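# Secondary and tertiary structure notes
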Protein chains: 2
Amino acid sequence: MDIVQQIRDKGLKATPARQLVYAELTRSHMAYSHAELEALFLDIDRVTLYRILKDFEDAGLVHKVFDTQGSTRFAICHHTCPGKHHAENHVHFNCNDCGRMFCLQAVQTPEINIPGGFRVAGMHTLIYGSCEKCNQLTDKNEPTDKIQEVIV
Amino acid sequence: MDIVQQIRDKGLKATPARQLVYAELTRSHMAYSHAELEALFLDIDRVTLYRILKDFEDAGLVHKVFDTQGSTRFAICHHTCPGKHHAENHVHFNCNDCGRMFCLQAVQTPEINIPGGFRVAGMHTLIYGSCEKCNQLTDKNEPTDKIQEVIV
DNA sequence: AAGTAAATGCAACAATGTTGCGTTTAAGAT
DNA sequence: ATCTTAAACGCAACATTGTTGCATTTACTT
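The structure presented is a predicted model; accordingly, all values stated were derived computationally and were not measured. (Residues numbered from 1 in each chain as written. Chains lettered and ligands numbered in written order. Predicted model: local features only at pLDDT ≥ 70, side-chain atom pairs only at ≥ 80, totals over all residues. Heavy atoms only, no water.)

## Some words on the overall build of chain A
- A tally of regular secondary structure across chain A gives 5 helices and 6 strands.
- Going residue by residue from the N terminus, the α and β elements of chain A occur as α-α-β-α-α-β-β-β-β-β-α.
- The burial tally for chain A puts 51% of its 152 residues in the buried class.
- As presented, chain A carries roughly 7,800 Å² of accessible surface, and 51% of it is formed by carbon and sulfur atoms. (Helix = DSSP H or I, 4+ residues; strand = E, 2+ residues; numbered from the N terminus. Buried < 20%, exposed > 50% of the residue type's maximum accessible area, 1.4 Å probe, protein only. Areas by Shrake-Rupley, 256 points an atom, 1.4 Å probe, with all protein chains shown as cover.)

As structure tokens, then:
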């Protein structure tokens, strides 16, 4: 479906900045930090970017996650989320080397039993290690200048 | 073992502030935010508290975790951690109502297989919902050991 | 093409965390 | 017990991340 239409369907105006952000999130399926997006779209105002991400989250277009450093990241919603209450129950992967964060859509969060009087509402599963690209670099001793493609 | 000695064994001086913080973390087995500790120990300087927590973490006395809001929290290490490289592989529980965070020492993070070229180094498992105390406030007839389905 | 609510840009503020530096103190040595 | 000194502390200043108020601009409806 058209990106413009997807944004409008959530009751939001499809401004140029919103189209750029949404297109990038849709294209890459990565969880971006605010800093990464800011670097990618230099002409989008800092505050506007915060508001776009907040609006997208409230609209159910993107979901917010935290990486191993506790930094906020945003990724596209794969299932149609009904507004603020997201149903993203997949696992995320955070690369220790390049810092990028991946949505593993195919991997569901596992079932887990916990003792005591806790009432479970949901869970977050964050796996960390090295992504494929960083694996290959260290394993095969490739020159580091090939990393420049990697967004930190 | 004596709290003073445990701190000294890590090469740190057992100052009054450090003893207070370490004693509280040991006593409660909860993961405290900086704000919670600051409120608890009003006479410990803000910066000193940051440094105490950092020193404890580097020494392997406490481990750092993030709650569902992405806020930093610190909890006592149950296993003897060899310095900065922690081996805390248990599950954490964050109460949506009171905001407190619990270390579920008895619950290990589950095994999980992920596709692709990812090399897994570890994982964080954060479960959220209502803690026993908050449960009891809203509904009194919930069996405490009942295991609920994990949804997200 | 015009009207209007929504979105933007800017400045200021707030929360959280870090750094530099002079002073104080814990803990081993005398 | 006192001395010595590296470690720890307290304070101020700075850095980063995120929020709010408000005047201006723009997307979308009619």
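So, next bit.
## Here's the deal with the packing of aromatic side chains
- Per the stated rule, a full pass over the model turns up 8 aromatic pairs over all chains.
- With 5.2 Å between their ring centres and 75 degrees between their planes, F118 of chain A and F102 of chain B make a pair best called edge-to-face. Taken together, the residues span two chains, with F118 of chain A in the loop between β5 (101-108) and β6 (119-130) and F102 of chain B in strand β5 (residues 101-108). Note on accessibility: F118 of chain A and F102 of chain B belong to one class, buried.
- Among the aromatic residues, ring-to-ring pairing joins F93 and F102 of chain A together with F118 of chain B into one connected group. (Phe/Tyr/Trp six-rings, centres within 6.5 Å; stacked < 30°, edge-to-face > 60°.)

## Structural notes on the sheet that holds strand β2 (residues 62-66) of chain A
Residues and elements named next belong to chain A.
- Taken in spatial order, the 3 strands make up an open sheet running β1-β3-β2, and their pairing is antiparallel. Two strands close off the open sheet at either side, each with one partner strand: β1 (32-33) and β2.
- Here β1 runs beside strand β3 (residues 72-76); their pairing, made up of 2 bridges, is antiparallel. Residue pairing in the sheet places S33 in a bridge with R73 of β3.
- Sitting on the sheet, helix α4 (residues 46-59) touches β2 and β3, and the angle it makes with β2 is about 110 degrees. (Pairing = 2+ DSSP bridges. Contact = heavy atoms within 4.5 Å. Axes fitted to C-alpha atoms, helices over the stretch in contact; angles between N-to-C directions.)

## Brief notes about the protein's contact with DNA strand D
- Near DNA strand D you find 21 residues, and of these R8 and A14 of chain A together with T15, R18 and R51 of chain B are the closest.
- Each atom of DNA strand D within 4 Å of the protein belongs either to a base or to sugar and phosphate, the latter forming 57%.
- A distance of 3.0 Å separates a phosphate oxygen of DNA strand D from a polar side-chain atom of T72 of chain A.
- At 3.2 Å, a backbone N or O of K13 of chain B approaches a phosphate oxygen of DNA strand D. (Near = heavy atom within 4 Å. Polar contact = N/O pair within 3.5 Å; in protein donor to acceptor, adjacent residues only side chain to side chain.)

## So, unusual backbone geometry
All names here are of chain A.
- In this model, H29 sits at a positive phi of 55 degrees, which is unusual for a non-glycine residue.
- Of note, H29 is situated in the loop between α2 (16-28) and β1.
- Residue H29 is classed as partly exposed on the basis of its relative accessible area of 29%.

## Observations regarding the pattern of salt bridges
- In the structure shown here, the tally under the stated rule is 10 salt bridges over all chains.
- Here R73 of chain A makes a salt bridge to D67 of chain A, at a shortest N to O gap of 2.9 Å. In this structure, R73 of chain A and D67 of chain A share a single accessibility class: buried.
- Residue R73 of chain B pairs with E36 of chain B through a salt bridge whose shortest N-O separation is 3.2 Å. Of the two residues, R73 of chain B is situated in strand β3 (residues 72-76) and E36 of chain B in helix α3 (residues 34-40); the sequence distance between them amounts to 37 residues. (Salt bridge = Lys/Arg side-chain N within 4 Å of Asp/Glu carboxyl O.)

## Things to note about the state of the cysteines
- Scanning the entire structure with this criterion turns up 0 disulfides over all chains.
- The thiol of C131 of chain B is not disulfide-bonded; the next cysteine sulfur, from C95 of chain B, is found 3.8 Å away. (Disulfide = S-S within 2.5 Å.)

## Comments concerning the protein's contact with DNA strand C
- Among the 19 residues in the neighbourhood of DNA strand C, the closest are listed as R18, T48 and R51 of chain A together with R8 and A14 of chain B.
- Backbone atoms, meaning sugar and phosphate, make up 60% of the atoms of DNA strand C lying within 4 Å of the protein.
- Between a base oxygen of DNA strand C and a side-chain N or O atom of R51 of chain A, the distance comes to 2.6 Å.
- Within the side chain of K13 of chain B, an N or O atom sits 3.2 Å from a base nitrogen of DNA strand C.
- When residues of the surface near DNA strand C are traced back to their parent elements, those giving at least two are α2 and α4 of chain A together with α4 (46-59) of chain B.
- The residue makeup of the surface near DNA strand C, split by class, is 8 nonpolar, 3 polar and 8 charged. (Nonpolar A, V, L, I, M, F, W, Y, C, P; charged D, E, K, R; others polar.)

## Topic: the relation of the copies chain B and chain A
- Rotating chain B by 180 degrees about the axis while translating it 0.0 Å along that axis superimposes it on chain A, leaving an RMSD of 0.1 Å. Within this description, the copies of the chain are treated as partners about a two-fold rotation axis.
- Here 80% of the contact residues of chain B are again contact residues in chain A; the copies associate through an equivalent surface. (Least-squares fit on C-alpha atoms with pLDDT ≥ 70 in both.)

## Considering the packing of helix α2 (residues 16-28) of chain B against α4 of chain B
Residues and elements named next belong to chain B.
- At a minimum axis separation of 11 Å, α2 and α4 run at an interaxial angle of 65 degrees. The chirality of how α2 crosses α4 is right-handed. For the pair formed by α2 and α4, the contact residues are A17, R18, V21 and Y22 on the first element and L49, I52, L53, D55 and F56 on the second.
- A class-by-class count of the residues in the contact of α2 with α4 yields 7 nonpolar, no polar and 2 charged. (Left-handed = near helix turned anticlockwise from the far one by under 90°.)

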